[in-house]
Amino acid sequence: MSKRNFLEQEAPANYVAGLGRGATGFTTRSDIGPAREGPSEEAIKAALARRAEQQGLAPPTAYGADKKKDDDDDNDPRFQDPENEVGLFAGGAYDEDDDEADRIYQSVDEKMEKRRKTQRELREKAEREEYEAKNPKIQQQFADLKRALSTVSDDEWASLPEVGDLTGRNRRARQAMRQKFYPTPDSVLAGAASGSEFETSVQEDGTATTASADQVDGTMTNFVNIGKAKTKVLEARLDRSINAGTSTSDSVSGATNIDPKGYLTSLSRSTTQSAEQIGDIKRVRELLESVIRTNPKHGPGWIAAARLEEVAGKMVPARSVIQRGCEHCPKNEDVWLEAMRLNETHNAKIIVANAVKHNPKSVRLWVEAMKLENDPRAKKKVIRKALDIIPQSVVLWKEAVKLEVDPNDAKILLARAVELIPLSVELWLALARLETFENAQSVLNKARKAIPTSYEIWLAAARLQEQQGNANKINVMKRAVQALARVEAMPSREDWIKEAEKCEDEGAIETCQAIIRETLGWQLEEDDGRKKIWTDDAESCIARGKYETARAIYAYALRIFYNKKNLWRAAAELEKNHGTKEALWSLLEKAVEACPQSEVLWMMLAKEKWQAGEVDGARIVLGNAFNQNPNNEDIWLAAVKLEAENQQHEAARSLLATARREAGTNRVWIKSVAFERQQGNTDAALELVNEGLQLYPKADKLWMMKGQIYETENKLPPAREAYNAGTRACPKSVPLWLLFARLEENAGVLVRARSILDRARLAVPKCPELWCESVRIERRGGNTTQAKTLMAKALQECPHSGLLWAESVWYLEARTHRRPRLVEAIEKVGNDPILYVAVARNFWAERKLPKAMNWFEKAILVDPDYGDTWAWYWKFLVQHGNEEKREDVLSKLTVTEPRHGEVWQRVAKDPKARYKNPEEILKAVAKELDER
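Quick caveat, the model's predicted, so the values are computed rather than measured. (Residues numbered from 1 in each chain as written. Predicted model: local features only at pLDDT ≥ 70, side-chain atom pairs only at ≥ 80, totals over all residues. Heavy atoms only, no water.)

Details of the nonpolar core
Then comes step 1: Formed by 124 residues in total, the largest nonpolar core has its most connected members in M340, L396, M477, W534 and W568.
Then comes step 2: Not counting residues up to four positions away in its chain, the partners in contact with W534 are R493, L520, G521, L524, I553, Y556, A557, I560 and F561.
Then comes step 3: Counting residues in each nonpolar core, the second largest holds 49 residues, with Y836, V837, V903 and A926 among its members. (Core = buried A, V, L, I, M, F, W, Y, C linked by side-chain atoms within 4.5 Å. Buried < 20%, exposed > 50% of the residue type's maximum accessible area, 1.4 Å probe, protein only. Contact = heavy atoms within 4.5 Å.)

What follows is the structure in structure tokens.
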């Protein structure tokens, strides 16, 4: 029984009821307060461990008990960090070899990181741009709408509705209020009717007539009183102008002389302000008063308050405000300068005297004090006093030098200035300009030693040597580059080009050339594309009108790339357009010596000699070209052209015969036939063309010339046979098909012409010229419906052809429909000279001449080689242009020498027009355009 009495016994130490079944005890509402604290987590773990040990079991893992660790645990933190040397190398010593290895690995890592940096940045930039393109910001989405707000007028802004409460209940309430009606009493209506009446008749006493004696209200007008009031206003303005100092009093007679200019100025400033402006001024005045009251040391607030009073026309309050500002902000030079501006000269001198007392180191105040003086001696006195206080101011020294009339005095001042301020490049250069050549050299040497990083001093030295004629003897720029590179103060290549252009503008050509010669290749390696870079630099200089700089760039580039014919041609074009004849000849002679295999350079030199009238010199040049380039067809043909142009027909014929034997090409045979046609030898031309076709049956131009010879002699069957054989031999030749179709059309056989063009379109698909000719045949034949049908098919097959769009708009559309069709054509085609000419002709027909001229010029810029554009523009200028414009067009035409165009080629290649110059061809083409 004693064992069962456990309920009365005391519980063992650390006993927890229900611990075996997992319970840890609980707390009820009654336990809150004096209840004892339960066992801690450590106690629970210890109890579980003891119980498991008694039962011979493993300790449980519940209640935070530690798990048994595996010996092969891979999560050991020692094995996670490769930099952790706790394990294998824990006891090793870190010596100098380890340090060196770490530094080597670190340098390798940094280099690899630097190599990958550019690629990584480009990749990140591309990813960022792609993300921004896919996820644009709200600001970007509404950017176009924000820009469109600039076109909104004031009326449109005013018409925007106000944002209000548009809920149904409030809207109904407002509608109900608007529907309410309040009748107006009759007395109010009668009073308003009588009060708005005006009487415009004037009685003898100056008062307006009244309906009754007792009707005296504000609507009656007294013109005499108005005149008196106006007179009083003028007198008040005169008195105010006198008090303001715009007039002077004669102390002897007491008379007053009014300055008319000041009087008119004061009248113009006394403008009437509207009620809105007055209200705005009052609001801004209150705001600025709050600013200067809360922060009286804020200088811009005082300045703004004074300027507000000035805008309001109240100069006295403005001066009072700025005076208070000077008292509160004595160290602010802007406030003092504003006070000086608002006051007269006499008062401004007093103000600036106080200003420099408070701000003795202010350069601006001293300069303004000097400007207030009228006497040069007083100005010098002020500046010298300022220099005593601020001897390191470059601005003050420059002002002092400007005041000196004698150059010797100026030199003395500058000598003292450079002693005090040896780092001022401006003062050194100013002193060098005033000295003689020997002294200037000494000054620049001292300046160079004082400021070794200044390239301006070296440029001044180079220009000094150029002025003395020593530029070729002493290479100053070479020494400059070496010295500047030594102190790492070398400007970039682009900056040197700008300096060269400045020297060119100032007339220092040799210095400009020296700059380019010594600095153009700075920091450029052989694999950097130097030729392209230098060519772009020269073209940029030409575009800016700096021809000497461009010439120097080409000269330097040709020293490096001596055998590049493209550079020689570019330099020759520069000399041809902006140089002299002698310089061009000299350059071309050097070019053919450097590139003897370039027939283009030989022919350019021969042409320049021939155009200058030196025919023998041109022959000598072509003879030398033959020696360097035997059997070259271009040189053969150039020699033939030279002899033919100088009426040496037998020599030209002999040269062509020799060329056919030694350099027999289809081009030589074509030129031979053309020469005989120009001389009128039809039989010889026909014989030559037959011989040529036996050798070159695929030469379409020979077939065309054969058909044209027969057509000229009105031999239609042989011409038809020649064209037919030519189209079989050369089915891809569009001009041959066109000549064949036009032959049948001129013969009146439209059915055969249509058939020929249908075959041509099958042989050469998607050809705008063939489609256009088919449309023209139908249009000239009077079949407008079929022409429109063909044009629709043509535009479907060739939607980007300016020729087809121009033909459709100009000949197949009504006048009222032309403009929208032209807009549609430009959107589809883009830049096309034929389409631009059609636009210009449409503006011309609408009498919009400036726009027409603009579009003609656009067409020429798009393709200056298209001769028909020049002809249309000339036809326009003959009717609506001036002589200066026409001369400009002719000069540009001579330089351009167009060679293509539908009408231009037909006129220029006519045998009768062999000896016509471009101006004569232009007028002939314009005349033919009139007949179309």
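Some details on the packing of aromatic side chains
Then comes step 1: The tally for this structure, following the rule as stated, stands at ten aromatic pairs.
Then comes step 2: On the numbers, 5.7 Å between centres and 65° between planes, the contact of Y455 with W496 is edge-to-face. With Y455 in helix α21 (residues 455-467) and W496 in helix α23 (residues 493-505), the pair connects residues that are 41 residues apart, well separated along the chain.
Then comes step 3: Look at Y836 and W855: their rings are 5.1 Å apart centre to centre, the planes differ by 80°, and that puts the pair in the edge-to-face class. You can see Y836 sitting in helix α43 (residues 833-845) and its partner W855 sitting in helix α44 (residues 849-862), a full 19 residues away along the chain. W855 matches Y836 in its accessibility class, with the two residues each being buried.
Then comes step 4: Put simply, the rings of W844, F856, Y873 and F876 pair up and form one aromatic cluster.
Then comes step 5: Above the face of the W669 ring, R660 is positioned so that its terminal group lies 5.4 Å from the ring centre. (Phe/Tyr/Trp six-rings, centres within 6.5 Å; stacked < 30°, edge-to-face > 60°. Helix = DSSP H or I, 4+ residues; strand = E, 2+ residues; numbered from the N terminus. Lys NZ or Arg CZ within 6 Å of the ring centre and 35° of its normal.)

Notes on a negative patch on the surface
Then comes step 1: On the surface, a cluster of negative charge is contributed by D95, E96, D97, D98, E100 and D102.
Then comes step 2: Relative to the helices and strands, D102 is located in helix α2 (residues 96-134). (Patch = residues over 30% accessible without salt bridge, like charges linked within 9 Å, V, L, I, M, F, W, Y side chains within 5 Å. Areas by Shrake-Rupley, 256 points an atom, 1.4 Å probe, with all protein chains shown as cover. Salt bridge = Lys/Arg side-chain N within 4 Å of Asp/Glu carboxyl O. Lys, Arg positive; Asp, Glu negative; His and termini not counted. Charge placed at Lys NZ, Arg CZ, Asp CG, Glu CD.)

Section: the environment of I292
Then comes step 1: Mapping I292 onto the fold places it in helix α10 (residues 275-294).
Then comes step 2: Put simply, I292 and A304 are twelve residues apart on the chain and 9.9 Å apart in space, counted from C-alpha to C-alpha.

Let's talk about the side chain of E608
Then comes step 1: Its location among the elements puts E608 in helix α29 (residues 599-611).
Then comes step 2: Despite its burial, E608 remains without a salt bridge, the nearest opposite charge being carried by K576 at 4.1 Å.
Then comes step 3: Those residues in contact with E608 that sit more than four places away from it in its chain are K576, L584, W585 and L588.

Comments concerning the pattern of salt bridges
Then comes step 1: What the rule picks out here adds up to 53 salt bridges.
Then comes step 2: Residues R776 and E807 are paired through a salt bridge, measuring 3.2 Å at the closest nitrogen-oxygen approach. Placement of the pair is R776 in helix α39 (residues 768-780) and E807 in helix α41 (residues 802-812), with a sequence separation of 31 residues.
Then comes step 3: The exposure class assigned to E807 is buried, which follows from its relative accessible area of 4%.
Then comes step 4: When salt bridges with common partners are traced through the structure, they connect R307, E310, E338 and R341 into a single cluster.

Quick word on α23
At 3.6 residues per turn, the α-helix brings residues three or four places apart onto the same side.
Then comes step 1: In a regular helix each residue adds 1.5 Å, so 13 residues correspond to 18 Å; α23 covers 19 Å between its end C-alpha atoms and thus fits that length.
Then comes step 2: Within the span of α23, buried status applies to R493, W496, I497, E499, A500, E501, C503 and E504.
Then comes step 3: Contacts made by the buried residues of α23 are with α21, α22 (476-486), α24 (509-519), α25 (530-543) and α26 (547-560).
Then comes step 4: Remark: G507 follows α23 within two positions and exhibits a positive phi of approximately 90°. (Expected span 1.5 Å × (residues − 1).)

Some details on unusual backbone geometry
Then comes step 1: Even without being a glycine, E488 presents a positive backbone phi close to 55°.
Then comes step 2: Mapped onto the fold, E488 is located in the loop between α22 and α23.
Then comes step 3: Its identity is not glycine, yet E897 carries a phi of approximately 55°, on the positive side.
Then comes step 4: Here E897 is to be found in the loop between α46 (883-896) and α47 (902-908).

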